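Structural characterization, general
In case you want the letters, here they are:
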Amino acid sequence: MSTYTRRRLTDAPFLAAATGATPSRRPVWFMRQAGRSLPEYRELRKGIGMLESCFDPELVCEITMQPIRRHGVDAAILFSDIVVPLKAAGIDLDIVPGVGPVIASPVRTEADVRALPRLRPEEVGAVTEGVRLLTGALGDTPLIGFAGAPFTLASYLVEGGPSKQHERTKAMMHADPKTWHALLGALTDITIAFLQAQLSAGVDAVQLFDSWAGALSLADYREYVLPHSERVFAEVASAGVPRIHFGVGTGELLGAMGEAGADVVGVDWRVPLTDAVRRVGAGKGLQGNLDPAILFAGFDAVEAQTRRILAEADEAITLGATGHIFNLGHGVLPDTDPGVLTALVELVHSL
């Protein structure tokens with residue numbers, strides 16, 4: 001592992017808001033800002049597969065930098081994908097355009113779980129080299145590393161790809177909890193190793209994406225998921241950087257997600273921040289939560305909704321939230337006008 005000395009970014013608004021300090025301005029960044037909607041990203045990616053891009057350090061650096069140059073956001077998020085550590089460990093998968101991650105041999109049995117590989121840091125050397133390039137290129141802008149949460153990774157492995165109902169996943173949880181927890185334990189190990197590699201290379205914060213956790217009831221989340229997410233956050237705590245937890249459609253889970261160990265809880269657009277702080281509890285920062293679809297409604301609508309969210313965030317802080325980071329309630333949609341995102345950053349910074 002690297003002995004990298006992390007940058008000292010004492011004036012970065014993003015880090016201040018994430019750690020309970022008073023930022024010089026309201027920080028803003030966007031999930032999926034690295035790529036997707038940017039024409040320069042699409043030009044750069046021509047003829048290059050998604051996974052190929054994620055294992056090219058120079059491409060990782062350039063794609064991560066593009067929204068920093070264009071939008072002036074307060075944090076960069078590493079260009080990668082949640083299945084990168086699975087691929088690096090040796091699991092046969094591909095990201096199919098228009099579909100998403102597809103697993104060649106789904107994990108359905110105890111023997112399948114036993115056969116899962118572990119992740120060695122050198123297997124994500126391209127990712128960590130990308131991080132090192134970025135820490136030199138970003139100046140005083142913080143870099144967020146990330147990983148997929150064990151449950152979301154498990155869903156892809158068990159279902160064989162994206163799923164709307166997660167029926168095989170839920171069936172394994174309830175019919176064979178021993179195998180389920182063994183699977184989540186193995187994926188927790190992979191997630192920890194991936195985050196620790198990024199931290200050793202110099203990322204300034206980490207975000208754990210539990211993209212599909214909103215498909216679960218609160219009882220199922222607590223029994224089958226929460227202990228494993230808790231272990232992820234506990235194992236990276238010693239790095240001393242902000243830890244963010246985010247899921248989609250997780251309004252009913254926010255209280256439990258707040259217990260997992262993150263410093264900041266991301267909130268999607270369905271739950272007002274004033275409700276979110278009551279569910280998460282005092283002592284955590286909040287991140288969010290403009291509906292990405294609002295960006296298509298004209299800037300008057302964008303401004304009105306942004307002002308509403310900022311007012312709710314201020315009230316949430318009076319109710320015990322330790323800070324607020326402005327973001328979307330999920331990722332930037334591919335057809336979003338980049339000019340609207342730039343104008344949104346300027347608006348948040350001006351208020």
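Predicted, not measured: the structure shown is a model, and the values here were computed from it.

**What about the overall build of the chain?**
- The secondary structure content of the chain amounts to 16 helices and 9 strands.
- When its C-alpha atoms are laid out on the principal axes, the chain stretches across 55 × 40 × 40 Å.
- Buried residues in the chain amount to 58% of all 351 residues.
- Total accessible area on the chain is roughly 13,500 Å²; 51% of this is exposed by carbon and sulfur atoms.

**A word on the layout of surface pockets**
- Roughly 1,100 Å³ of internal volume is contained in the largest pocket.
- Every residue lining the largest pocket is counted, 40 residues in all, and those nearest its centre are Arg 32, Arg 36, Met 50, Ser 80 and Asp 81.
- Those elements that provide at least two residues to the lining of the largest pocket are α2 (39-44), α3 (50-54), β2 (93-96) and β3 (100-103).
- When its residues are assigned to classes, the lining of the largest pocket shows 22 nonpolar, 10 polar and 8 charged.
- Its boundaries defined by the atoms lining it, the second largest pocket holds a volume of some 210 Å³.
- Forming the boundary of the second largest pocket are 14 residues, of which Arg 7, Leu 9, Leu 15, Asp 204 and Pro 242 lie nearest the centre.
- Each residue belonging to the lining of the second largest pocket can be placed in one class, and the counts come to 8 nonpolar, 3 polar and 3 charged.

**Let's talk about the packing of aromatic side chains**
- Overall, the coordinates contain 5 aromatic pairs when judged by the stated rule.
- Ring centres of Tyr 156 and Trp 212 lie 6.3 Å apart, and the angle between their planes is 70°; on these two criteria the pair is classed as edge-to-face. One end of the pair, Tyr 156, is in helix α8 (residues 150-159); the other, Trp 212, is in the loop between β5 (205-210) and α11 (218-224), and 56 residues separate them in sequence.
- The exposure class of Trp 212 is partly exposed, given its relative accessible area of 29%.
- One aromatic cluster is present, built from ring pairs that chain together Phe 146, Phe 209 and Phe 246.

**Points about the packing of α8 against helix α9 (residues 167-175)**
- The N-to-C vectors of α8 and α9 enclose an angle of 105°; their axes lie 8 Å apart at closest approach. Classified by the interaxial angle, the pair formed by α8 and α9 is roughly perpendicular. Between α8 and α9, the contacting residues are Phe 151, Ser 155, Val 158 and Glu 159 on the first element and Glu 167, Arg 168, Thr 169, Met 172 and Met 173 on the second.
- The residue makeup of the contact of α8 with α9, split by class, is 4 nonpolar, 2 polar and 3 charged.

**Let's talk about the packing of helix α4 (residues 57-71) against helix α7 (residues 125-137)**
- Viewed as axis vectors pointing N to C, α4 and α7 meet at an angle of 45°, and their least axial separation amounts to 8 Å. By the angle between their directions, the pair α4 and α7 is classed as oblique. The two elements α4 and α7 cross, and the hand of that crossing is right-handed. When α4 is examined against α7, the residues Pro 57, Glu 58, Val 60, Cys 61, Thr 64 and Met 65 are found in contact with a partner set consisting of Ala 126, Glu 129, Gly 130, Leu 133, Leu 134 and Ala 137.

**A few points about the pattern of salt bridges**
- In the structure shown here, the tally under the stated rule is 18 salt bridges.
- A salt bridge links Arg 120 to Glu 123; its shortest N-O distance comes to 3.1 Å.
- Residue class for Arg 120 comes out partly exposed when judged on its relative accessible area of 45%.
- In this structure, Asp 189 engages Arg 231 in a salt bridge whose closest nitrogen and oxygen atoms are separated by 3.0 Å. Here Asp 189 is found in helix α10 (residues 177-201), whereas its partner Arg 231 is found in helix α12 (residues 226-236), with 42 residues between them in sequence.
- Ionic contacts of the salt-bridge type, sharing partners, join the residues Arg 118, Asp 189 and Arg 231 into one network.

**Comments concerning a nonpolar patch on the surface**
- On the surface, a cluster of nonpolar side chains totalling about 190 Å² of accessible area is made up of Val 96, Val 99 and Val 102.
- As for its placement among the helices and strands, Val 96 is situated in strand β2.

**Regarding the environment of Asp 189**
- Overall, the relative accessible area of 31% leaves Asp 189 in the partly exposed class.
- Separated by 102 residues in sequence, Asp 189 and Lys 87 place their C-alpha atoms 15 Å apart.
- Sequence-distant contacts of Asp 189, that is, excluding residues within four places in its chain, are made with Arg 118 and Arg 231.
- Side chain to side chain, Asp 189 and Arg 231 meet in a polar contact 3.0 Å long.

**Some thoughts on the UniProt feature "domain: Uroporphyrinogen decarboxylase (URO-D)" (unreviewed entry) in the chain**
- Mapped onto this structure's residue numbering, the UniProt feature "domain: Uroporphyrinogen decarboxylase (URO-D)" (unreviewed entry) falls at residues 27-36 and 144-160.
- Secondary structure over residues 27-36 splits into 0% helix and 0% strand, and the C-alpha atoms at its two ends are 22 Å apart.
- For the annotated span residues 144-160, helix accounts for 59% and strand for 29% of the residues, and the straight-line distance between the end C-alpha atoms is 28 Å.

**Describing the sheet that holds strand β6 (residues 243-247)**
- Spatial strand order, β1-β4-β5-β6-β7-β8-β9: 7 strands in an open sheet with parallel pairing. The open sheet has two free edges, formed respectively by β1 (76-77) and β9 (324-328), since each of these has just one partner strand.
- Looking at chain direction, β5 and β6 are connected through 5 bridges and run parallel. Looking at the pairing, Phe 209 lines up with Phe 246 of β6.
- Docked against the sheet, α10 engages β4 (143-148) and β5, running at close to 170° with respect to β4.

Calculation criteria
- Residues numbered from 1 in each chain as written.
- Predicted model: local features only at pLDDT ≥ 70, side-chain atom pairs only at ≥ 80, totals over all residues.
- Heavy atoms only, no water.
- Helix = DSSP H or I, 4+ residues; strand = E, 2+ residues; numbered from the N terminus.
- Buried < 20%, exposed > 50% of the residue type's maximum accessible area, 1.4 Å probe, protein only.
- Areas by Shrake-Rupley, 256 points an atom, 1.4 Å probe, with all protein chains shown as cover.
- 1 Å grid on protein atoms, 1.4 Å probe; cavity = no way out; pocket = protein on both sides within 12 Å on 5 of 7 lines; lining within 4 Å.
- Points joined across faces, edges and corners; volume = space filled by probe spheres on them.
- Nonpolar A, V, L, I, M, F, W, Y, C, P; charged D, E, K, R; others polar.
- Phe/Tyr/Trp six-rings, centres within 6.5 Å; stacked < 30°, edge-to-face > 60°.
- Axes fitted to C-alpha atoms, helices over the stretch in contact; angles between N-to-C directions.
- Parallel < 35°, antiparallel > 145°, perpendicular 65-115°, else oblique.
- Contact = heavy atoms within 4.5 Å.
- Left-handed = near helix turned anticlockwise from the far one by under 90°.
- Salt bridge = Lys/Arg side-chain N within 4 Å of Asp/Glu carboxyl O.
- Patch = residues over 30% accessible without salt bridge, like charges linked within 9 Å, V, L, I, M, F, W, Y side chains within 5 Å.
- Polar contact = N/O pair within 3.5 Å; in protein donor to acceptor, adjacent residues only side chain to side chain.
- UniProt positions renumbered as here; feature names shortened; annotations may be inferred.
- Pairing = 2+ DSSP bridges.

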